[in-house]
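Close look at the chain arrangement
Okay, here's what each chain looks like letter by letter:
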Amino acid sequence: MGKARRILRNKKALTGAAILVFLTLVAVFAPVIAPYGPNETRFLPGQPPSREHLLGTTSLGQDIFSQVVWGTRLTLVVGLVTGSLCAAISTTIGLVAGYFGGWVDEILSLITNVFLVLPGLPLMIIIAAYITVQSVVPIIIVISITGWAWGARVLRSQMMTLKNRDYVKAAVIAGESPLRIIFCEIFPNMLGLIVANFFGAALYAVLSEAGLEFLGLGNVNAVTWGTILYWAQNNQAILMGQWQWMVVPGVLIAVLGMSFALLNFAVDEMTNPRLRR
């Protein structure tokens with residue numbers, strides 16, 4: 001009950017969760033909310049917003065509002081799945097490196113430092129440019145490969161502090177295996193930091209996916225907010241007066257990113273006594 005009250009009192013958590021729940025409902029009920037299919041081309045091209053087409057139509061005659069609604073699905077999938085993969089990789093590497101130390105820590109820290117030194121966006125662009133499979137899956141893999149290192153570094157530092165606690169030493173004396181100590185004794189005490197790491201990675205994933213799709217390095221035939229921006233830019237939406245084609249998905253990407261950022265900050269505040277008011 002104490003944790004529930006703390007969440008309800010945290011305005012960042014409530015705002016971020018409300019936005020995420022709303023967008024999730026839009027994604028789930030996209031067939032009901034969207035008046036048309038995302039790839040239907042039976043309408044007049046380049047139409048302004050109207051009662052029939054709330055955001056107008058594309059240069060190919062597709063309903064922009066329907067595309068935005070359907071694009072919520074893949075955009076959320078990329079953010080949540082990639083965030084989960086990044087959190088899993090960074091948690092495993094960070095906890096193992098921090099607990100075992102020695103040559104294990106040196107090898108894993110070297111790998112982590114390499115990914116921290118390499119610039120993220122150029123590395124993603126280079127990897128994505130050589131992938132020929134036209135699917136969202138390669139984008140998820142590329143972002144996961146380039147986005148786990150920062151979380152691993154933070155979790156390693158926290159592990160090096162917690163492994164010297166009395167309850168960990170007691171578990172070692174009791175003869176428990178290292179993996180059980182890491183994932184059963186220490187892991188629950190780092191759950192807040194891991195959740196914050198997940199939301200940070202999800203934010204990174206949403207922005208990175210939009211950037212890669214905007215550059216045409218993903219599957220431009222898929223319907224995501226990033227691909228909507230790609231086609232709007234290619235068809236000079238702003239110059240043609242179709243500002244809503246470019247602005248609406250861009251604002252939604254920012255809103256979803258704000259949701260993940262607010263949840264990230266809220267988890268930090270609730271788990272770190274120094275940040276509590």
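Computed from a prediction, not measured in an experiment: that's the story for all the values here.

Looking now at the pattern of salt bridges. Between side chains of opposite charge, pairing is possible as soon as their charged atoms come close. According to the stated counting rule, one finds four salt bridges in the structure shown. Among the salt bridges present, the one from R156 reaches D105, with a minimum N-O distance of 2.7 Å. Of this pair, R156 sits in helix 8 (residues 149-162) while D105 sits in helix 5 (residues 102-117); the two residues are 51 residues apart in sequence, bridging distant segments of the chain. The exposure class assigned to D105 is buried, which follows from its relative accessible area of 11%.

Moving on: a nonpolar patch on the surface. Together, V21, L25, V28, F29, V32 and I33 line one region of the surface with nonpolar side chains, adding up to about 560 Å² of accessible area. Mapped by element, the contributors of at least two residues to the nonpolar patch are helix 2 (11-28) and helix 3 (30-33). By residue number, the principal contributor to the nonpolar patch is helix 2, which donates three residues. Relative to the assigned elements, I33 resides in helix 3.

Bringing the packing of helix 6 (residues 120-129) against helix 7 (residues 136-147) into the picture now. One can describe the packing of helix 6 onto helix 7 by two numbers: an axis separation of 10 Å at closest approach and a directional angle of 145°. Seen from above, helix 6 lies across helix 7 with right-handed handedness. Together, L123, M124, I127 and A128 of helix 6 and V142, I143 and T146 of helix 7 make up the contact between the two elements. Per-class residue counts for the contact of helix 6 with helix 7 are six nonpolar, one polar and no charged.

Before going further, it helps to examine unusual backbone geometry. One non-glycine residue, Q236, adopts positive backbone phi at about 50°. Examined against the element boundaries, Q236 turns out to sit in the loop between helix 12 (225-234) and helix 13 (243-271).

With that out of the way, let us pick up the confidence of the model for the protein chain. Averaged over all residues, the pLDDT of the protein chain equals 85, while 94% of them reach at least 70. At the low end of the mean pLDDT range in the protein chain sits helix 1 (residues 2-9), at 61; at the high end sits helix 3, at 92.

Quick look at the packing of aromatic side chains now. The final tally for this structure, using the stated rule, is seven aromatic pairs. One aromatic cluster in this structure is built from F198, F199 and F260.

Counting residues in hydrophobic clusters, the biggest one holds 29 residues, and the most contacted among them are V68, W225, L256 and F260. Those elements that place two or more of their residues in this core are helix 2, helix 4 (64-100), helix 11 (191-214), helix 12 and helix 13. With residues up to four places along the chain from it excluded, the contact list for F260 reads L20, L80, F199, A202, L203 and V206.

The next subject is the packing of helix 4 against helix 10 (residues 178-186). As a packed pair, helix 4 and helix 10 sit with axes 11 Å apart at the nearest point and diverge in direction by 120°. One finds that helix 4 runs oblique with respect to helix 10. Where helix 4 crosses over helix 10, the two elements pack in a sense that is right-handed. Facing L95, V96, Y99 and F100 of helix 4, the residues of helix 10 in contact are P178, I181, I182, F183 and I186. Grouping the amino acids of the contact of helix 4 with helix 10 by side-chain chemistry returns nine nonpolar, no polar and no charged.

A separate point is helix 12. Of all ten residues that make up helix 12, seven are buried, and the element is covered over most of its length. After helix 12 finishes, the residue Q236 shows a positive phi value of roughly 50°.

Within the secondary structure, A201 sits in helix 11. Separated by 118 residues in the primary sequence, A201 and G83 have C-alpha atoms spaced 4.7 Å apart. Among residues more than four places away in sequence, those in contact with A201 are G83 and C86.

With that settled, the discussion passes to helix 5. Every α-helical turn comprises 3.6 residues, leaving residues that sit three or four positions apart pointing alike. Under the 1.5 Å per step criterion, the end-to-end length of helix 5 is 22 Å for 16 residues, consistent within 8% with the ideal 22 Å. Among the residues making up helix 5, those that are buried are V104, D105, L108, S109 and T112. All buried residues of helix 5 fall inside an arc of 110° around its axis, so they share one side. Turned more than 90 degrees from where helix 5 packs its buried face, W103, E106, L110 and V117 sit exposed. The secondary structure elements touched by the buried residues of helix 5 are helix 4 and helix 8.

Rules used in this analysis
- Residues numbered from 1 in each chain as written.
- Predicted model: local features only at pLDDT ≥ 70, side-chain atom pairs only at ≥ 80, totals over all residues.
- Heavy atoms only, no water.
- Salt bridge = Lys/Arg side-chain N within 4 Å of Asp/Glu carboxyl O.
- Helix = DSSP H or I, 4+ residues; strand = E, 2+ residues; numbered from the N terminus.
- Buried < 20%, exposed > 50% of the residue type's maximum accessible area, 1.4 Å probe, protein only.
- Patch = residues over 30% accessible without salt bridge, like charges linked within 9 Å, V, L, I, M, F, W, Y side chains within 5 Å.
- Areas by Shrake-Rupley, 256 points an atom, 1.4 Å probe, with all protein chains shown as cover.
- Axes fitted to C-alpha atoms, helices over the stretch in contact; angles between N-to-C directions.
- Left-handed = near helix turned anticlockwise from the far one by under 90°.
- Contact = heavy atoms within 4.5 Å.
- Nonpolar A, V, L, I, M, F, W, Y, C, P; charged D, E, K, R; others polar.
- pLDDT = per-residue confidence, 0-100.
- Phe/Tyr/Trp six-rings, centres within 6.5 Å; stacked < 30°, edge-to-face > 60°.
- Core = buried A, V, L, I, M, F, W, Y, C linked by side-chain atoms within 4.5 Å.
- Parallel < 35°, antiparallel > 145°, perpendicular 65-115°, else oblique.
- Expected span 1.5 Å × (residues − 1).
- Arc of directions from axis to C-beta.

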